[in-house]
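# Topology and contacts: notes
Each chain, written out:
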Amino acid sequence: MSLHRLTQIVMGVPNVEETAAYYTDFGLARTGHSFATIDGGEQLRIVPSDHRRLLQLGVGADDPDDLDRVAAALTALDVAFERTPTGLRAVDPGTRVTVNVEIAARYDQAPTPAPAYNTPGVDARTDERAPGILREHPVRPRKLGHVVLGSTDQAFSQTFFQQGIGFKVSDTVPGLAAFMRCSTDHHNVLVQQAPVAFLHHTSWQVDDVDEVGRGATAMLEKDPARHVWGLGRHHVGSNFFWYLRDPAGNFSEYYSDLDCIVDDALWTPQVWEGARGLYRWGPPPPPSFLAPEDLAGLMTGAHQPGA
């Protein structure tokens, strides 16, 4: 696969400083209004905007031949693009996001040792407490895993990412959403049908489920109003999750143990409906997760001059 990861996102918000403080608490390393993960380097930049939105999405490619392939595919779709020696950018009209395909180094992630779990008949950890309850260090996300975007034309957005940029479809929810990947992760982009283009959430990988819980607990100790949904486990993608809300209204997710697709021939995309399209266990999703509370305001803003 010539595409191999998400590189960076640019998020626009009306309240830059307040939102920047949130992502510092979230565990990203801050330099000004730019934020880094452990393994991905600078992966988030926050800029002023009249309303919350995802402005740019970076996708890593291996070499110029990959850019040539994307350019040819976008030309076939009649999608305009700008090309440089090291990158290519195009706008998906459904999500209104500028996608930057850029030559970038692949991730080099140091392996996380698998914790020893005691299970019936297997005493893998004896005479000591579980490591997860002994950790005191702040949780730091390892990488940006995926983004979820509302699209006013989900069908074309899926075509744009799949046929144009080169993502692969992992699973779908009929008439609503497509989970797509540009790496071995189950999904790096999910586009869902929406009345307005908007950023639903960003998702950040941590080491294991203990880090999901520890990270969320620390965030809620500082401000309980940040809680949205969790702890739970998704059915599509299989990952543990906990969602929080930033001051601009975007959701952010800690996740671990996402499905990994190394051999495309061994993975069969499936169609999911109902609760299985959302989660396998955990508390039910709140209405505000399915339809963010500021959605009506975003719809109004989208029809204002210059929006």
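Reading the values: the criteria
- Residues numbered from 1 in each chain as written.
- Predicted model: local features only at pLDDT ≥ 70, side-chain atom pairs only at ≥ 80, totals over all residues.
- Heavy atoms only, no water.
- Helix = DSSP H or I, 4+ residues; strand = E, 2+ residues; numbered from the N terminus.
- Rg over C-alpha atoms; globule rule 2.2 N^0.38 Å.
- Buried < 20%, exposed > 50% of the residue type's maximum accessible area, 1.4 Å probe, protein only.
- Contact = heavy atoms within 4.5 Å.
- Areas by Shrake-Rupley, 256 points an atom, 1.4 Å probe, with all protein chains shown as cover.
- Lys, Arg positive; Asp, Glu negative; His and termini not counted.
- Charge placed at Lys NZ, Arg CZ, Asp CG, Glu CD.
- Axes fitted to C-alpha atoms, helices over the stretch in contact; angles between N-to-C directions.
- Parallel < 35°, antiparallel > 145°, perpendicular 65-115°, else oblique.
- Nonpolar A, V, L, I, M, F, W, Y, C, P; charged D, E, K, R; others polar.
- UniProt positions renumbered as here; feature names shortened; annotations may be inferred.
- 1 Å grid on protein atoms, 1.4 Å probe; cavity = no way out; pocket = protein on both sides within 12 Å on 5 of 7 lines; lining within 4 Å.
- Points joined across faces, edges and corners; volume = space filled by probe spheres on them.

Taking an unreviewed UniProt entry as the reference, the chain is identified by name as VOC family protein belonging to Dactylosporangium cerinum.

## Brief notes about the overall build of the chain
Looking only at helices and strands, one finds 7 helices and 17 strands in the chain. Computed over C-alpha atoms, the radius of gyration of the chain comes to 19 Å, within 12% of the 19 Å expected from 2.2 N^0.38 for 307 residues, which places it in the range of a compact globule. Relative to its 307 residues, the chain shows a buried fraction of 53%. For the chain, the share of sequence-separated contacts (at least 6 apart) that also reach a separation of at least 24 residues comes to 70%. When the accessible surface of the chain is totalled, it reaches about 13900 Å², and 54% of it is carbon and sulfur. Each charge class in the chain was averaged separately, 25 positive and 38 negative side chains, and the resulting centres sit 2 Å apart.

## Concerning the packing of helix H2 (residues 64-76) against helix H4 (residues 154-165)
For the pair H2 and H4, interaxial distance at closest approach is 8 Å and the crossing angle is 130°. Taken together, the axes of H2 and H4 are oblique relative to one another. Touching Arg 69, Val 70, Ala 73 and Leu 74 of H2 are Phe 160, Gln 163, Gly 164 and Ile 165, all from H4. When the residues that make up the contact of H2 with H4 are grouped by side-chain class, the tally is 5 nonpolar, 2 polar and 1 charged.

## Considering the UniProt feature "domain: VOC" (unreviewed entry) in the chain
Listed under "domain: VOC" (unreviewed entry) in the UniProt record, and renumbered for this structure, are residues 143-257. Counting secondary structure, residues 143-257 comes out at 23% helix and 45% strand; the distance between its end C-alpha atoms is 13 Å.

## With respect to empty space enclosed by the protein
Within the structure shown, the criterion is met by 1 cavity of 30 Å³ or more. Reported here for the largest cavity is a volume of approximately 30 Å³. Residue lining of the largest cavity: His 4, Arg 5, Leu 6, Tyr 107, Lys 143, Leu 144, Gly 145, Ser 183, Asp 185 and Asn 188, and that is the complete set. Tallied by class, residues from the lining of the largest cavity come to 3 nonpolar, 4 polar and 3 charged.

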